Each structure stands twice: as C-alpha cells, then as structure tokens.
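# Residue-level structural notes
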Amino acid sequence: ALAQPYLKNTILVRIKNFTLDNTKLDQILSDENAYIERRILPLKASIRYNTQTLYKASNSPQLEARLKAEEPLLRTYVIGYKGDKDPEKFCYYLSKKYSEIEIAEPYYLQKIQAYTPNDSRVSSQETILKQIRAKEAWEIEKGDSNIVIGISDNAIQQTHPDLKNNIATNVKEKLSGNDDDGNGYIDDYQGYNFDGGTKGEFYWDTFANSTDNHGTFTSGIAGADFDNNLGVAGIGGRSKIFPIRISSKDIGDRYTAYGYESIIYAGVRKFKVLNCSWGLEKRYSAIEQSIIDYAVANDVAIVASAGNLESGQGTMTKFYPAGYKGVLGVGVVTNTDGEASISSLGSHCRIMSPASGNYTTDLDFEQDNPYSFTTLYTSFSAPVVSGAVAIARAKYPKLNAIQAIEFVRQSTDDISDKRFDYKRIVPGRLNMLKMVTTDPMSIPGIVIDDVKFYDNTGAEQNRFFLGDTVFVELNIRNVLGNANGLNFNLSLADPEFKVIDVLDSSRNNISLTTNESMTLGKFEYVIANQYDGNLTMRLDIKGKDGYKDFLL
C-alpha cells in the first residue's frame, strides 16, 4: 500500500478568473518550480470554447446548466512540480501566497474496492439474478444498445469473447494518433487510456495485463454481451459498455490515478451511466464535487462503490466519490441479504446489492472458460446497480440522470430486519422487477441539497459544544412525481446512542411538485453528551398509500 494516497509531484489548482492565456499562472508556477500539465477539462471538450460546436446563447435550461457546470472546471488545472514538497503543505502555501488561486488540493489516488478474487464457486449467476429479480425484469425491458455504460476502472480485456462485441464504438474517431472527433481526447475509439499518451501505448489500447482482472470483472457484471448464446448475461441487458482505463503503470493497478478525469470524460461523451468501482476514505473536495456536477449536468448517472472496510476503519466512515451529491453509492450484501461486514455504511451508501456469486468475465486468456466468481466486495455490487440503472434509462428515457438514480434507489426490498447492528442505517436492496413495473412519476424522490446548523441566536454555525441547543435546516428537493401530504421526522439513526436529545423532530402535511425545492426546518435538538465523532441522523418520509422512504 502507498504511504500517502497522492499522485506524486502533482496537485490540482483552480484559479479565480478564467483566461485563455495562461501567462499569469505560468509565472506563479515558475516561481515555485512548478508547471501546468493540462486543464482538467480540455478546451476542445467545452461547449463555450470548442470552435467546432460554435456556441451560441440559448434559453435552454439544460444548456445553461452544462455551461454553469463546466465553468469552474475550465479554471482548474493539473499541476506538476519538482522536488519533494509535501502536497498538502504545498497546496496550503500556494493558497495563502497567491490571491489568484481559489483552491489548491492534492491529486488523490483512488483505491480499487476489491481484492483479487479466488476461484471458489460458492454460488452461481442464477442466485444473483433471482435475488434482484433480473430475469423477470428482462421479460419487460431488455435494455437499449444506445445506452452506454462507461466502465471507469483499471483496464479490461477488450478481446474477451463475451465483451468484444458489446463495446460501444466512437464512430467519429479513427485510430490515427489525432483527435479526429475534436473532443479533446485522442483515439478514443473503443476505449480511452488516460495513461497511454505518455507511456508509449495507443490511447485506445485499454487492454488489461494478466495480473489484474478487476476491470474485466466489473465490465462483465454490468455489460457482458446479452442473449448471444455465450457465457454470462450483463445486468444491463442490451446496453453497451465503454472502457476507460484510469490506472497508471507507475503506481500499479490497485490505485487509480485518473478516476475523476474519467468522470469528466464521461460527461464529455454523455454516457448515460458511469460505473466507478473505486474510491477513498478522505476529506470532501470542492473540485471533485464540481467534476461530479459537470458530469450530472451532461446527464451522466454516476454509480460508485460505497467502500470496503479496512482494519481500523469505522463502519460509517465517509467515502468518496460515493459521498458526493449526484452519485448513487452502493453497499454490498450476501446472496441471502445478510450481514456483509466488509461494506461501509452511512449517508454515502444509498442502495445495497449482492456481489458474491456474480459469475462474470475473467482474464483467463489460455483457458476455454474465461469466467470466474466474484467475492463479497462493493466493487462487484456497484456494477450490478449500474446495469440496473441502464435498464431503467432504457425503460424510462425521459428520466434525467438524477431522476434515474433516485428512482432506482427506491426500487428496492427492505432488508433491515437482516441487519441487526445497523437496522436503521442500511438502505434497501435492489429489486429490478419493482423498477420496471413502477411508474417513476407515481412516487416522490426527495433529495437533500444542503444542511445548515444554527445556534439559539439564529446565527449559522458549524461547531457546537456540550449543552448547546442546535437548530437544523434542510434544503430538500423533489426530483420525481408530485406529492401531497408528506410527513417528515428527524431522529438519530442509532437511537441507543444518547449524544443528543431531539426536541422538535416533525414537519407534516408537506406538498412538493416535481422539481420543487423547499427549506425544511428548523428542527431542534440539544447536545446531551460529549462526543467528538460524526453523528448520523435519519430523515423518515411517509406519504399516502403507504409510501415511505428515509435519507441519512
């Protein structure tokens, strides 16, 4: 394992004002023995500055949302520097010294969320398909070849007999060594290799080496060729896949150097789904959230693993990118919906899916049976949900990215009775039959856009102490169907954890139309006992005809 999860001698810098000319930034960096490697969003990939798109003003809300989302990325650069400076300290130094710099952050490496699976065949694909009711769902909706699932991973075996015919082709691109389609990425024909341009490989060559099968596993789960009389069936049915290689030879295949840049790429290509079976326990990053916002504005439904617990790591540890707004974080259950102690839980884990027993594509080049079973990790539960989101987007093409993931999030079975220690925290487990037999606009889809805390004087605060009275305000939004008579109740997710006493917990008879936002609050509680960790709170939602949901 790496001592620090950073890309060596590399940071991210966002300047306050956009300029086409980088002279000022070049001068700042030159003084610090640093240099610009690239903009994180290529100018050619932007709407406003791509000469081929010839941007014109428009009243389209979708176009305006995309322009707003790309603007901060156009001010964000990948910066290289020389020497042995600590990236955290170097970023802090730059931010303090230069007023032109808005944000400076280390370039975090993300960790692949699985280990190399063994060969034990404890179950079969049939067990998984039955558990999530996939076959019954496929009777109703088999998917659409126009739906592309981006596979952001360490690489895939593109020649695998059960994958090669299901890889989407970028027909505007040629393998010429040039950016033929003008999107800012060279030779992204049947895949894109972020590590290829400087390592002597073709950009499109995302072939996995023989030592790591992670990307080939996730590709097969989400999008193995469907109904082709060969091997296994991808959960996404007739959906296509597009591999994006995010690993680097310099650091190995279990850390990913280009994960967030792959999310930008998915936004540029407007893939309907992106699977990210990787992530990191870390601090929140404004730059990474803006990358998510950009992809969502370009209608990418992002699905990410909620994280595997490692030694000494708390079950509720916040994990990214699953924890960012606009991402559907996936935890893992056993094939009987029982406890999976490896799975991280919390507000970043919003749906559960099985993993052990997935029978999927493998790297076995020399064998007649290039398939293997996966093991119990969130890396292999996430692509199950990615495939399901692809089916949902085929069945309900009018849903945008956020609507799609919030609808799938609620297309679940309640398994809380099987999770004894975390009964009030564990979300539902995917049920694809519910997904294809429920009208998405027949239910609300409540999301929390922001949370604010106030003291008893009405001043907004972010830190409180023993005995303080705290007022909580939630900015919520309904992304699905109109709803009347909604009742909300706020409580501690673990009622036995007597850290706070909730004094005012309910708001009743609330109506929210589609896309309507409102401020919910102010709920009131008192800090009753000393505690310096994170608290998880639960917002229960109940409505007419037995509707219920909860958010953490």
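As the structure is a prediction and not an experimental result, all values here were calculated from the model.

For the protein chain, the count of helices and strands is 11 helices and 29 strands. Counting only residues that meet the buried cut, the protein chain has 58% of its 552 residues in that class. In the protein chain, of all internal contacts separated by at least 6 residues, the share reaching a separation of at least 24 is 74%. For the protein chain, the exposed surface amounts to about 23200 Å²; the carbon and sulfur share of it is 47%. Measuring between centres, the 60 positive side-chain charges of the protein chain sit 3 Å from its 70 negative side-chain charges.

Now for unusual backbone geometry. In this model, Tyr320 is joined to Pro321 through a cis peptide bond whose omega is 15 degrees. Positive phi is not limited to glycine here, since Asn509 has a value of about 55 degrees. The topology assignment puts Asn509 in strand E26 (residues 506–512).

Our focus in this paragraph is the pairing of strand E3 (residues 76–81). Side chains on a regular strand alternate between the two faces of the sheet. Across the 6 residues that make up E3, a large majority, 6, are buried. Side-chain alternation along E3 places Thr76, Val78 and Gly80 on one buried face and Tyr77, Ile79 and Tyr81 on a second face that is also buried. Strand direction decides the pairing type here: strand E1 (residues 6–15) and E3, joined by 5 bridges, are antiparallel. Each residue of the ladder has a partner; that of Ile11, found in E3, is Ile79. Sheet topology note: the strand E2 (residues 34–39)/E3 ladder contains 5 bridges and is antiparallel.

Packing of helix H6 (residues 214–223) against helix H9 (residues 378–395) leaves a shortest axis separation of 8 Å and a crossing angle of 35 degrees. Viewed along their axes, H6 and H9 form a crossing whose handedness is right-handed. Across the interface between the two elements, His214, Phe217, Thr218, Ile221 and Ala222 of H6 pack against Ser379, Phe380, Pro383, Val384 and Gly387 of H9. Class assignment of the residues belonging to the contact of H6 with H9 gives a composition of 6 nonpolar, 4 polar and no charged.

Here Arg507 shows up in strand E26. Judged by its relative accessible area of 18%, Arg507 is buried. Arg507 sits 428 residues away from Ile79 along the chain, and the two C-alpha atoms are 48 Å apart. For Arg507, the contacting residues outside a window of four places in its chain are Leu486, Asn487, Phe488, Leu520, Gly521, Lys522 and Phe523. Within the structure, Arg507 has its side chain in polar contact with the backbone oxygen of Lys522 (distance 2.7 Å).

To continue, consider the sheet that holds E1. Here 4 strands make up an open sheet; going across it, the order is E2-E3-E1-E4 and the pairing antiparallel. Each edge of the open sheet carries a strand with a single partner, namely E2 and strand E4 (101–108). Ignoring strand direction, the axes of neighbouring strands in this sheet form an average angle of 35 degrees. Running over the sheet, helix H1 (residues 23–31) touches E1, E2 and E3 and is turned about 140 degrees from E2. Here helix H2 (residues 61–74) sits on the sheet and contacts E1, E2 and E3; the angle it forms with E3, its principal contact strand, is near 20 degrees.

A complete count under the given rule lists 23 salt bridges for this structure. Between Arg133 and Glu136 there is a salt bridge; the shortest N-O distance is 2.7 Å. The exposure class of Glu136 is partly exposed, given its relative accessible area of 34%. With a closest N to O distance of 3.1 Å, Lys282 and Glu288 form a salt bridge. Through salt bridges with shared partners, a single ionic network connects Asp337, Asp413, Arg429 and Lys434.

Here the focus is the nonpolar core. Grouped together as the largest cluster of nonpolar side chains are 126 residues, with contacts concentrated most on Ile263 and Met432. Here the element with the most residues in this core is H9; it accounts for 10 residues. With near-sequence residues (within four places) excluded, Ile263 lies in contact with Leu274, Cys276, Trp278, Ile291, Ile292, Ala295 and Ile302. One finds Ile11, Ile79, Tyr98 and Ala104 within the second-largest nonpolar core, a separate group that totals 16 residues.

Turning to the side chain of Thr10, a few remarks are in order. Mapped onto the secondary structure, Thr10 falls in strand E1. Reaching out from Thr10, the side chain makes a polar contact with the backbone oxygen of Lys8 at a distance of 2.9 Å.

Within the structure shown, the criterion is met by 0 disulfides. Of all cysteine sulfurs, the one in Cys276 lies closest to Cys349, which takes part in no disulfide; the gap is 16 Å.

So, how was this worked out
Residues numbered from 1 in each chain as written. Predicted model: local features only at pLDDT ≥ 70, side-chain atom pairs only at ≥ 80, totals over all residues. Heavy atoms only, no water. Helix = DSSP H or I, 4+ residues; strand = E, 2+ residues; numbered from the N terminus. Buried < 20%, exposed > 50% of the residue type's maximum accessible area, 1.4 Å probe, protein only. Contact = heavy atoms within 4.5 Å. Areas by Shrake-Rupley, 256 points an atom, 1.4 Å probe, with all protein chains shown as cover. Lys, Arg positive; Asp, Glu negative; His and termini not counted. Charge placed at Lys NZ, Arg CZ, Asp CG, Glu CD. Pairing = 2+ DSSP bridges. Axes fitted to C-alpha atoms, helices over the stretch in contact; angles between N-to-C directions. Left-handed = near helix turned anticlockwise from the far one by under 90°. Nonpolar A, V, L, I, M, F, W, Y, C, P; charged D, E, K, R; others polar. Polar contact = N/O pair within 3.5 Å; in protein donor to acceptor, adjacent residues only side chain to side chain. Salt bridge = Lys/Arg side-chain N within 4 Å of Asp/Glu carboxyl O. Core = buried A, V, L, I, M, F, W, Y, C linked by side-chain atoms within 4.5 Å. Disulfide = S-S within 2.5 Å.

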